[in-house]
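Report on the structure
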Amino acid sequence: MNPYIMAFLYLCLILGTTITVSSSHWLLAWMGLEINTLAIIPLMAQNHHPRATEAATKYFLTQATAAATLLFASITNAWLTGQWDIKLMTHPIPTTMILLALSLKIGLAPLHTWLPEVLQGLDLLTGLILSTWQKLAPFSLLLQIPAYSQDLLILMGLASTLVGGWGGLNQTQLRKILAYSSIAHLGWMLIIIQFSPSLTLLALITYLVMTTSTFLILNFNNSKSINALATSWAKAPLMTAMTPILLLSLGGLPPMTGFMPKWLILQELTKQQLPMTAVIAALTALLSLYFYLRLSYAMTLTITPNNLAGTTLWRLSPSHPSLILSSATLTAILLLPLTPAMTALLNL
């Protein structure tokens, strides 16, 4: 793709997210979401591969459905209450419709089925944008709307953690595994969003850092399936040693960064007199942990079978700058000791 067109599309992505995050009017927020959707579709279809075209089409249809539902719900709210302001949602019916529309936008269960299929058809860098940047605008709206149906939020959050763990168990494609990982992490954020929005923001930031690091490592190794991970040791031995620690951080094991949001969320749920919700969420995290362990095993404890005719990939020099990759990886592993500072910063 022409670099000028690429730069224009990235600027439109930033513009759409900025409009949605900074708006207090539903029409402006809807417009920002639409700019965001229309900017990423050419990036998805740039490879001219049938899978990429299929992924872009599926993404367009689901986002158009969610945007139409969002617009209809906001118009209904204006008709019932005379208010277009995002924070003044007072009627439960349009509020619930908007919650479901935003859940479809970011891929929360039970409206998640499009996300693994779309992510599987994309290259890793476009998948990184879909899994990180595209979550910001809908999540900013979820943080602003008042929560009337607490039970619905908790139910959808638990369903997302369960589906995210269960769905990834049987996958061999890394992009689908990361899609289910995304669903599970978003479920954790949705469970706590009504009780502590600042804790949701902390969980979102740690998710963005860990997911960015994971996608960049897989792109560095050019690995798209579990079998391809076995050749990683020959390409980048140090990176191969760090990646299992990063994957366990994604799974939420101490003493890595990923343990921090899960620990604080479980603590907050206990404070809110919801011990059963905390127990179920902690048990569903074990499902996700299993497939992260599976990836770690495939990467470090197995060696790809090679015959004499095969050429082993050996110490490839990086063709792209690795400063972002190394910074994101270290951040995704070593931030747990800074938990007191972060909780003080976010007033948790």
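No experiment lies behind these values; they were computed from the predicted model shown. (Residues numbered from 1 in each chain as written. Predicted model: local features only at pLDDT ≥ 70, side-chain atom pairs only at ≥ 80, totals over all residues. Heavy atoms only, no water.)

Quick look at the nonpolar core now. Core analysis: the largest hydrophobic core is formed by 52 residues, its most contacted members being Met-44, Tyr-59, Val-118 and Leu-130. Of the residues that make up this core, three or more belong to each of domain 1 (1-138) and domain 2 (149-225 + 233-304). Beyond its immediate sequence surroundings of up to four residues, Tyr-59 is in contact with Thr-37, Ile-40, Ile-41, Met-44, Trp-114, Val-118, Leu-130 and Gln-134. Core analysis: the next-biggest nonpolar cluster, separate from the first, contains 45 residues, Ile-145, Ile-192, Leu-202 and Ala-203 among them. (Core = buried A, V, L, I, M, F, W, Y, C linked by side-chain atoms within 4.5 Å. Buried < 20%, exposed > 50% of the residue type's maximum accessible area, 1.4 Å probe, protein only. Domains from an automatic or database assignment. Contact = heavy atoms within 4.5 Å.)

What follows concerns the packing of aromatic side chains. How two aromatic rings sit relative to each other is given by the distance of their centres and the angle of their planes. Within the structure shown, the criterion is met by 3 aromatic pairs. Measuring from centroid to centroid gives 4.9 Å for Phe-291 and Tyr-292, while their planes differ by 55°, and the two rings are tilted. Side by side, Phe-291 and Tyr-292 carry an identical accessibility label, which is buried. Over the face of the ring belonging to Trp-188 we find Lys-262, whose NZ or CZ atom lies 5.3 Å from the ring centre. (Phe/Tyr/Trp six-rings, centres within 6.5 Å; stacked < 30°, edge-to-face > 60°. Lys NZ or Arg CZ within 6 Å of the ring centre and 35° of its normal.)

All told, the structure shown has 3 salt bridges when counted by the stated rule. Note that Glu-54 and Lys-58 form a salt bridge whose closest N and O atoms lie 2.8 Å from each other. One end of the pair, Glu-54, and the other, Lys-58, are both in helix 3 (residues 50-81), 4 residues apart, so they sit about a helical turn from each other. Assessed through its relative accessible area of 35%, Glu-54 is described here as partly exposed. The class of Lys-58 is partly exposed, set by a relative accessible area of 29%. When the shortest N-O distance is used, the salt bridge between Glu-117 and Lys-176 registers 3.3 Å. Of this pair, Glu-117 sits in helix 5 (residues 114-120) while Lys-176 sits in helix 9 (residues 174-192); the two residues are 59 residues apart in sequence, bridging distant segments of the chain. Given a relative accessible area of 31%, Glu-117 falls into the partly exposed group. Exposure remark for Lys-176: the relative accessible area of 17% places this residue in the buried category. One connected set of salt bridges, linked through shared partners, spans Glu-54, Lys-58, Glu-117 and Lys-176. (Salt bridge = Lys/Arg side-chain N within 4 Å of Asp/Glu carboxyl O. Helix = DSSP H or I, 4+ residues; strand = E, 2+ residues; numbered from the N terminus.)

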